[in-house]
Amino acid sequence: MAVQKKIPLRKCVATGEMFPKKEMIRIVRSKEGEVSVDLTGKKSGRGAYVSKSIEAVNQAKKKNSLGTHLEAPIPNEIYDQLIVIIEREKLK
């Protein structure tokens, strides 16, 4: 009998919904306070997850939920980068 592997779930900071970790994008704040997008999911620092939808990114920007969760100001370039990543994945 095959053992079912547990799929790690993460909560989207914008919508509050739970999704498998692979279906989300991680944003990380390093110890120096630098905020960046972590596509590998392995960078060290405080992380927050956003689901791969433009609506979720816009909601996170409007509510500033990423900034609140990471306790750091989020530059607009991060939101732009998230939208580009989502658009690129839709084309695949």
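Per an unreviewed UniProt entry, the recorded name for the protein is YlxR family protein, and the organism is Psychrobacillus psychrodurans.

**Student:** With reference to specific residues and values, describe the layout of surface pockets.
**Tutor:** One water molecule sets the probe size; rolling that probe over the atoms shows where empty space is left. Considered as a void within the structure, the largest pocket measures approximately 450 Å³ in volume. What lines the largest pocket is a set of 19 residues, and nearest its centre among them are K21, K22, M24, L39 and T40. Among the secondary structure elements, those contributing two or more residues to the lining of the largest pocket are β3 (24-29) and α3 (76-91). Looking at the lining of the largest pocket residue by residue, the class counts come to 8 nonpolar, 2 polar and 9 charged.

**Student:** Give a detailed account of the packing of helix α1 (residues 54-63) against α3, specifying residues and quantitative values.
**Tutor:** The relative placement of two packed helices comes down to the angle between their axes together with the axis-to-axis distance. At a minimum axis separation of 10 Å, α1 and α3 run at an interaxial angle of 170°. Between α1 and α3, the angle is such that the two are roughly antiparallel. Along its contact with α1, which presents I54, V57, N58, A60 and K61, the element α3 presents N76, Y79, L82, I83, I86, E87 and K90. Here the contact of α1 with α3 is composed, by residue class, of 7 nonpolar, 2 polar and 3 charged.

**Student:** Got a sec to walk through α1? Specific residues and values, please.
**Tutor:** Along α1, the residues classified as buried are I54, A56, V57 and A60. All buried residues of α1 project into a common sector of 165° when viewed along the axis, lining one side. α1 presents E55, K62 and K63 as exposed residues on the side facing more than 90 degrees away from its buried surface. Turning to α1, the residues buried within the fold contact β5 (46-51), α2 (65-70) and α3. Residue N64 follows α1 closely and has a positive phi angle near 60°.

**Student:** Outline the pairing of strand β4 (residues 35-38), listing residues and values.
**Tutor:** Burial along β4 is two-sided: V35 and V37 facing one way and S36 and D38 facing the other are all buried. Both β3 and β4 contribute to a ladder of 4 bridges, which runs antiparallel. When the sheet's bridge partners are listed, I27 is paired in β4 with V37. In sequence, β3 turns back onto β4 through a hairpin of 5 residues, with G33 there showing a positive phi of about 95°.

Rules used throughout
Sequence positions are assigned chain by chain, starting from 1 and proceeding in written order. Residues qualify for local features only when their pLDDT is at least 70, as the model is predicted, and side-chain atom pairs are given and counted only at 80 or more; totals for whole chains, interfaces and linings, by contrast, use all residues. With hydrogens and water stripped out, all remaining heavy atoms of the structure feed into the side-chain values. Within this scheme a cavity is a closed region of a 1 Å grid, computed over the protein atoms alone, that accommodates a 1.4 Å probe without allowing it to escape, whereas a pocket is open but has protein on both sides within 12 Å along at least five of seven lines; lining residues each have an atom within 4 Å of a point. Grid points are joined across faces, edges and corners, and a volume is the space filled by probe spheres set on the points. Only DSSP runs of H or I with at least four residues qualify as helices, and only runs of E with at least two residues qualify as strands; both kinds are numbered from the N terminus onward. Gly falls in the polar group here, along with every residue not listed as nonpolar (Ala, Val, Leu, Ile, Met, Phe, Trp, Tyr, Cys, Pro) or charged (Asp, Glu, Lys, Arg). The axes are straight lines fitted to the C-alpha atoms, using for helices just the contacting stretch, and the angles between their N-to-C directions are given from 0 to 180°. Here is the rule for angles: anything less than 35 degrees is roughly parallel, anything more than 145 is roughly antiparallel, 65 through 115 is roughly perpendicular, and the remaining ranges are oblique. Only heavy atoms enter the contact rule, under which two residues are in contact if any of them lie within 4.5 Å. Accessible area is worked out with a 1.4 Å probe on protein chains only. A residue is then buried under 20% of its type maximum, exposed over 50%, and partly exposed in between. What the arc measures is the spread of directions leading from the helix axis to the C-beta atoms. Strands pair, by our definition, only if DSSP identifies at least two bridges between them.

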